[in-house]
Protein chains: 4
Amino acid sequence: MSTYTGVIPPVVTPLTEDGQVDRSSLERLVQYLLDGGVDGLFALGSSGETVFLTDAQRDMALDVIVRTAAGAVPVMAGCIEPATPRVLDRVRAAERLGADATVVTAPFYVIVGPYEIERHLRAVSAASSLPVLAYDIPVCVGRKLPLDMLLRLAAEGVLAGVKDSSGDDVAFRQLRIGLDDQQDAGFSLLTGHELVVDGMLLAGASGSVPGLGNVDPAGYVRLHSYADKQDWAGARTEQERLGRLFRIVDAPDPATTAGATRGVGAFKTALHLLGVIDSPTVSLPMRTFDDAETGRVREQLELAGLDVRR
Amino acid sequence: MSTYTGVIPPVVTPLTEDGQVDRSSLERLVQYLLDGGVDGLFALGSSGETVFLTDAQRDMALDVIVRTAAGAVPVMAGCIEPATPRVLDRVRAAERLGADATVVTAPFYVIVGPYEIERHLRAVSAASSLPVLAYDIPVCVGRKLPLDMLLRLAAEGVLAGVKDSSGDDVAFRQLRIGLDDQQDAGFSLLTGHELVVDGMLLAGASGSVPGLGNVDPAGYVRLHSYADKQDWAGARTEQERLGRLFRIVDAPDPATTAGATRGVGAFKTALHLLGVIDSPTVSLPMRTFDDAETGRVREQLELAGLDVRR
Amino acid sequence: MSTYTGVIPPVVTPLTEDGQVDRSSLERLVQYLLDGGVDGLFALGSSGETVFLTDAQRDMALDVIVRTAAGAVPVMAGCIEPATPRVLDRVRAAERLGADATVVTAPFYVIVGPYEIERHLRAVSAASSLPVLAYDIPVCVGRKLPLDMLLRLAAEGVLAGVKDSSGDDVAFRQLRIGLDDQQDAGFSLLTGHELVVDGMLLAGASGSVPGLGNVDPAGYVRLHSYADKQDWAGARTEQERLGRLFRIVDAPDPATTAGATRGVGAFKTALHLLGVIDSPTVSLPMRTFDDAETGRVREQLELAGLDVRR
Amino acid sequence: MSTYTGVIPPVVTPLTEDGQVDRSSLERLVQYLLDGGVDGLFALGSSGETVFLTDAQRDMALDVIVRTAAGAVPVMAGCIEPATPRVLDRVRAAERLGADATVVTAPFYVIVGPYEIERHLRAVSAASSLPVLAYDIPVCVGRKLPLDMLLRLAAEGVLAGVKDSSGDDVAFRQLRIGLDDQQDAGFSLLTGHELVVDGMLLAGASGSVPGLGNVDPAGYVRLHSYADKQDWAGARTEQERLGRLFRIVDAPDPATTAGATRGVGAFKTALHLLGVIDSPTVSLPMRTFDDAETGRVREQLELAGLDVRR
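Report on the accompanying structure.

What counts as what
Residues numbered from 1 in each chain as written. Chains lettered and ligands numbered in written order. Predicted model: local features only at pLDDT ≥ 70, side-chain atom pairs only at ≥ 80, totals over all residues. Heavy atoms only, no water. Helix = DSSP H or I, 4+ residues; strand = E, 2+ residues; numbered from the N terminus. Rg over C-alpha atoms; globule rule 2.2 N^0.38 Å. Buried < 20%, exposed > 50% of the residue type's maximum accessible area, 1.4 Å probe, protein only. Areas by Shrake-Rupley, 256 points an atom, 1.4 Å probe, with all protein chains shown as cover. Lys, Arg positive; Asp, Glu negative; His and termini not counted. Charge placed at Lys NZ, Arg CZ, Asp CG, Glu CD. Least-squares fit on C-alpha atoms with pLDDT ≥ 70 in both. Contact = heavy atoms within 4.5 Å. Pairing = 2+ DSSP bridges. Right-handed = clockwise from strand over helix to strand, strands pointing away. Axes fitted to C-alpha atoms, helices over the stretch in contact; angles between N-to-C directions. Buried area = accessible area lost by both parts, 1.4 Å probe. Salt bridge = Lys/Arg side-chain N within 4 Å of Asp/Glu carboxyl O. Polar contact = N/O pair within 3.5 Å; in protein donor to acceptor, adjacent residues only side chain to side chain. Expected span 1.5 Å × (residues − 1). Parallel < 35°, antiparallel > 145°, perpendicular 65-115°, else oblique. Nonpolar A, V, L, I, M, F, W, Y, C, P; charged D, E, K, R; others polar. Disulfide = S-S within 2.5 Å. Phe/Tyr/Trp six-rings, centres within 6.5 Å; stacked < 30°, edge-to-face > 60°.

### Notes on the overall build of chain A
Broken down by element type, chain A carries twelve helices and eight strands. Against the compact-globule benchmark of 19 Å for 310 residues, chain A has a radius of gyration of 18 Å, which places it among compact chains. Its C-alpha atoms put chain A at 50 × 45 × 40 Å along the principal axes. Put simply, chain A has 310 residues, and 67% of those count as buried. Accessible surface, chain A: about 9,800 Å² in total, of which carbon and sulfur atoms supply 50%. Charge centroids of chain A, computed over 29 positive and 41 negative side chains, lie 1 Å from each other.

The following block contains the structure:
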């Protein structure tokens, strides 16, 4: 059985209006997620604005998440830096601060091929005392993790799992079948796509890492529960409700905002409206939603039946 | 209810060794598919080598498919050319030869944006007496069909459906939800990804257009049948068997062969081994599998329980 | 010495308002180019809307160009189709209609790799009685022609030259040096980028294929003439004037028009304003410039000192 | 007149075998570049392995370069991090350590559009006491800096220049013409492409930032000197010699090494063979060249007439 299963939201990092990590909001958010029934927490992922934060801010955010979770659920820590030496520095921090596992992408900014990617993941794993999950996110790093490499590193125990945000459901299926064929049941196969969790669970995902799970953790917990009971019609219905809720990311005009602003901005705006965090502030060069955009987020939250407080 | 549902394989176009359309092999293939229980036929798609064939060869292939199907199931005809005027020529041929619908991609080779793509689909639909399905295949044309455009063209009746080969399951889900919200039940939402048909049917696909369905039509028919009965565990098991069978595309060394050769080459090699078509010949610049590669295809066919005859 | 040198504009194909090839406008355009002093003509290239035209229209356009040129300069014919068999059909037409050479891209729409590209070019060349130039245009076909392949096919005489529209000036330099090192002086290295002809000639280009050369052939002839005399400051000054003239492509709003419309639309609008062709009509899904856009083209033509007649 | 002109190599960061910054090798390298006659130094760029180094290592490298240059030439410091807050931390370090200017890319890893890129550059410039040059390197960050934005930020004095490693010579020409038209003579337009410096200088570049300039600074100084004297034939000849020398990057098998390893690895191997630095060590996940690869580098150095010492 794989260790990392169920709903594992990528925790957003609440900021004060002057851009500092907002400790009490983050504590409330973690509690909100635990109250929602989540099975794990992914700190310092893309939704956590990890590549915007200084190392000190990252350390504080991870520390707050680990302490607030207090062992109730495992905490995975993103160690997201362009290349091996800097990733290893973040692995050291994750070990020191009590994370249960690390999550590592392919190198980015540097021009690498399959050989360099494999060398990178092997070097990180070899130097780490914690389990390492690979983070497959080509939209951010420019490259898809090769299927044959993932199967090899799973078989050798170099990787403990994959967080798949590649959007490549065909490769996901091939990976699942390949893992089954080599009997790697302990390998965690997590999907990062909050709109297709039902189909990915049907296909054999171990769990999900839904950014939207910050906003509606209980919804994703219900979805997983339906799937566990093989009630796939129920899973689909819950997934479609969450799919409609995801329209909060369409609140800003796409002609003047790109993905980062739309995703993290929407999650934080929603959490602010739900009364979970104090400010919807996002890091530069993203921007905070304006009143009209916030109004559109509120409307979707209400349609989804969430408890809007602001 | 949408008109185009169930299993609709993209029929490969058998060739003689000197590159001519092999009429009798094509007749046998169509009969093999009908015997397998398919619900429709997609002629002159990517798997049908349409962009390799001359117009005369295309006409012959479509004519043979329409005549052999003889009204038992609908025939959709790919009208795949870089830009509007040439697509319209192919629409004329489809009308003349008795196809039931046409399938049209975004422009390719020419550098277009969303406005040009929408103008293209509107112009084709306006000039066509047959229903038009959009073919979303960014890996071939370089652009994904925009979600908002598809919903608009569905609402206005410009398009009768989409064949989605984008591999973007998130957009597929968003399209399904959007169609439901605007009550476009008559719009056909077909998936072209043969490895995730179970998940796509769970998500609300109207049908599938699996290239691998040339090789094992009965398998896809069973998969759909499980889904119709809400037996999702059964659907998944059948899908996984087909997923393993898909490994026939890995028979050639990826360092020396790209996608086209691997896909069409594998399907034709398999159909040859199954005794359905006389020659595994593919068009230049693809190449026919060698003996070792053919051996690996045979092995997978046997593992999948198919009746190898050669 | 390479055979194809100097200014070789990719001739646009004038259309009547109902989308037919406008024979008399095309004759006037060819005469305008010859009067401008060009050294060759490239028929049925991207600027010639070749992928929009039916085979009959292509044949008519090539026929008019060859007859009007009447041997005064060589005529290269684009044979631009997705894959080998259809390209060979176009090669047959080029041979029949009296072209002096053919120009062939990598396959497109079909998913190919380096091996398939090389097999394609070798097959076309082997079956052709005319010299074959490769057309390197990744923005249209999705792949750059590999440097080592080009050098190999040059050395073996498979290719007579390259029309480089890749925008990769580093690869262009490497190709020039490589050709020099293997003493392939007869190989034509043509640049398709109308804004950097001075630098490309300095780097050792044999000639240029400037789309903007339809509008101002005499300007490009002067630019080449400066380069021939090693007057590089003069070449740069002329190039900069032409660079400013190229702003005609910015006449439409980029938010609602993509590359094809902007380029071909601008050239045709300009030629119409200059009195060379009767209509600025472009093929669907492109659109003809509106009055405001046409006004901006007129302004640039006047700034460049051209003789506006309409 | 622009402030940053002439040859400004992106200084590689020599490492000891255990991955620490090798201070004495770096001092020798800076001296080697100054002896070669360079006009400036670009510290902590892509060739400087900046995204591999810890902040402490970056600070040490920049400190050594500034101290060794000792005001003889200006030092530009790369401040290369995925998003604004972390870039600003690096700007603070550059200010503290005595750099003369900073060099900043578009955001990377985060999904941004034109609006976010402009907000990023404006925010960095506003918070910086040093001049800011934009670093246009789509191969690393995934996006090209838009022409209109660059012209706007030049006109407003937000940016002091651009280091163009986009390989888009057409856009380079358009930027040069645009800057001339708005009379921004003080804006530095630097090319990062070591194989086309002659053509870029002809087109009006202010200077070059050639990675290969680490290996043969005197060659690039000669090339610029020819250009300054309008001896373009001389410039081309020198450029071609340097273009052949650049073949050191082809020493490893491209099937098993990607760009980063090939470029930085080749420059460091060459500098080691020339006796300038003590070790050719590169950061993980790159790898050091093996004996056969080193032999091929030696061969090219000898062909180029450089003084091989090892």
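### Observations regarding the relation of the copies chain D and chain A
Note on the identical chains: chain D maps onto chain A by a rotation of 180 degrees and an axial translation of 0.0 Å, with an RMSD of 0.0 Å. Put plainly, the chains are arranged around a two-fold axis. Mapped onto chain A, 100% of the interface residues of chain D again fall at the interface, so both copies present the same surface.

### Focus: the environment of A:V308
Residue and element names in this part refer to chain A. Structurally, V308 is set in the segment after α12 (291–303). Here V308 falls in the partly exposed class, since its relative accessible area comes to 21%. Separated by ten residues in the primary sequence, V308 and R298 have C-alpha atoms spaced 7.3 Å apart. Setting aside anything within four residues of it in sequence, one finds V308 in contact with L273, L274, R298, L301 and E302.

### A closer look at the pairing of strand β5 (residues 132–136) of chain C
All names here are of chain C. In terms of burial, β5 is a largely internal element, five of the five residues being buried. Burial along β5 is two-sided: the residues V132, A134 and D136 and L133 and Y135 are all buried. In the sheet, strand β4 (residues 101–105) pairs with β5 via four bridges, with the strands oriented parallel. Each bridged residue has a counterpart across the sheet, and for V103 the counterpart in β5 is L133. In this fold, the crossover linking β4 to β5 by way of helix α4 (residues 114–126) has right-handed handedness. Where β5 and strand β6 (residues 161–164) come together, four bridges link them in parallel fashion. Note on β6: the bridge partner recorded for Y135 is K163.

### Description of the sheet that holds strand β6 (residues 161–164) of chain B
Residue and element names in this part refer to chain B. Overall, parallel pairing links the eight strands, which are arranged β1-β8-β7-β6-β5-β4-β3-β2 in an open sheet. Each edge of the open sheet carries a strand with a single partner, namely β1 (6–7) and β2 (41–43). Relative to strand β8 (residues 207–208), strand β7 (residues 188–191) runs parallel, the two sharing two bridges. By the bridge assignment, T191 is partnered in β8 with S208. Packed onto the sheet, helix α2 (residues 55–69) meets β2 and β3 (75–78) and runs at close to 175 degrees relative to β3.

### A closer look at the interface of chain C and chain B
Across the contact, 45 residues belong to chain C and 45 residues belong to chain B. Summed over the three residues of chain C that lose the most area to chain B, namely C:R86, C:Y109 and C:P285, the buried surface amounts to 25% of that side. Here chain C is connected to chain B by four salt bridges. In this structure, the salt-bridge partner of C:R86 is B:D55, at a minimum N-O distance of 3.2 Å.

### A closer look at the interface of chain D and chain A
Facing the 45 residues of chain D at the interface are 45 residues of chain A. Here chain D meets chain A over a buried area of about 3,600 Å², counting both sides, of which 64% is carbon and sulfur. In this assembly, chain D and chain A are joined by four salt bridges. Counting every contact that joins chain D to chain A gives 18 residue pairs in polar contact (both at pLDDT 80 or more).

### Structural notes on helix α6 (residues 147–155) of chain A
Looking only at α6(A), the buried set comprises A:M149, A:L150, A:L151, A:L153 and A:A154. Buried-residue contacts for α6(A) involve α4 (114–126), β5 (132–136), β6 (161–164) and α7 (169–181) of chain A.

### Some words on the sheet that holds strand β8 (residues 207–208) of chain D
Residue and element names in this part refer to chain D. On the basis of which strands lie adjacent, the open sheet formed by eight strands has the order β1-β8-β7-β6-β5-β4-β3-β2 and parallel pairing. With partners counted over all chains shown, the strands left at the sheet margins are β1 (6–7) and β2 (41–43), one partner each. The pairing of β1 with β8 spans two bridges and is classified as parallel. Opposite G6, over in β8, you have G207 as the bridge partner. Those strands touched by helix α2 (residues 55–69) are β2 and β3 (75–78), and its axis lies near 175 degrees from that of β3.

### Focus: α4(A)
For α4(A), with 13 residues, the first-to-last C-alpha span of 18 Å sits near the 18 Å given by 1.5 Å per residue. Listed as buried for α4(A) are A:E116, A:I117, A:E118, A:H120, A:L121, A:A123, A:V124 and A:S125. Turning to α4(A), the residues buried within the fold contact α3 (84–97), β4 (101–105), β5 and α6 of chain A together with α11 (259–273) of chain D.

### Here's the deal with the relation of the copies chain C and chain B
Least-squares fitting of chain C to chain B yields an RMSD of 0.0 Å, with the transformation described by 0.0 Å of translation along the axis and a rotation of 180 degrees. Comparing interface residues between copies, 100% of those in chain C also lie at the interface in chain B; the contact surface is shared.

### Re the packing of helix α10 (residues 232–245) of chain C against helix α7 (residues 169–181) of chain D
The interhelical angle for the contact between α10(C) and α7(D), taken along N-to-C directions, is 90 degrees, at an axis separation of 10 Å. Taken together, the axis directions place α10(C) and α7(D) in an arrangement best described as roughly perpendicular. Side by side, α10(C) and α7(D) meet where C:R236, C:Q239, C:E240, C:G243 and C:R244 of the first sit next to D:R173, D:R176, D:I177, D:D180 and D:D181 of the second. Residues of the contact of α10(C) with α7(D), tallied by class, amount to one nonpolar, two polar and seven charged.

### Overview of the environment of D:T269
Residue and element names in this part refer to chain D. For T269, the location among the structural elements is in helix α11. Taking the relative accessible area as the measure of exposure, T269 reaches 2% and is therefore buried. Linking T269 and I111, residues 158 residues apart in sequence, is a C-alpha distance of 35 Å. For T269, the contacting residues outside a window of four places in its chain are P280, F289, T294 and V297.

### Focus: the arrangement of the chains
Separated throughout, chain A and chain C approach each other most closely at a C-alpha pair spaced 9 Å apart. Separating chain B from chain D is a minimum C-alpha gap of 9 Å, and the two share no contact.

### Here we look at the state of the cysteines
Disulfides are covalent bonds that connect the sulfur atoms of two cysteines. Within this structure, the stated rule accounts for zero disulfides over all chains. Free of any disulfide, D:C79 has its nearest cysteine sulfur in D:C140, 16 Å distant. Under the relative-accessibility criterion, D:C79 is labelled buried at 1%. Just so you know, D:C140 is unpaired, no disulfide at all, and the nearest cysteine sulfur is the one on A:C140, 16 Å from it. Its relative accessible area of 13% is what places D:C140 among the buried residues.

### Examining the packing of aromatic side chains
Considering all chains together, one arrives at ten aromatic pairs over all chains under this definition. On the basis of an interplanar angle of 55 degrees and a centroid distance of 6.2 Å, the ring pair of A:F108 and D:F108 is categorised as tilted. Of this pair, A:F108 sits in the loop between β4 and α4 while D:F108 sits in the loop between β4 (101–105) and α4 (114–126), which puts the two residues in different chains. The buried category is assigned to A:F108, whose relative accessible area is 1%.

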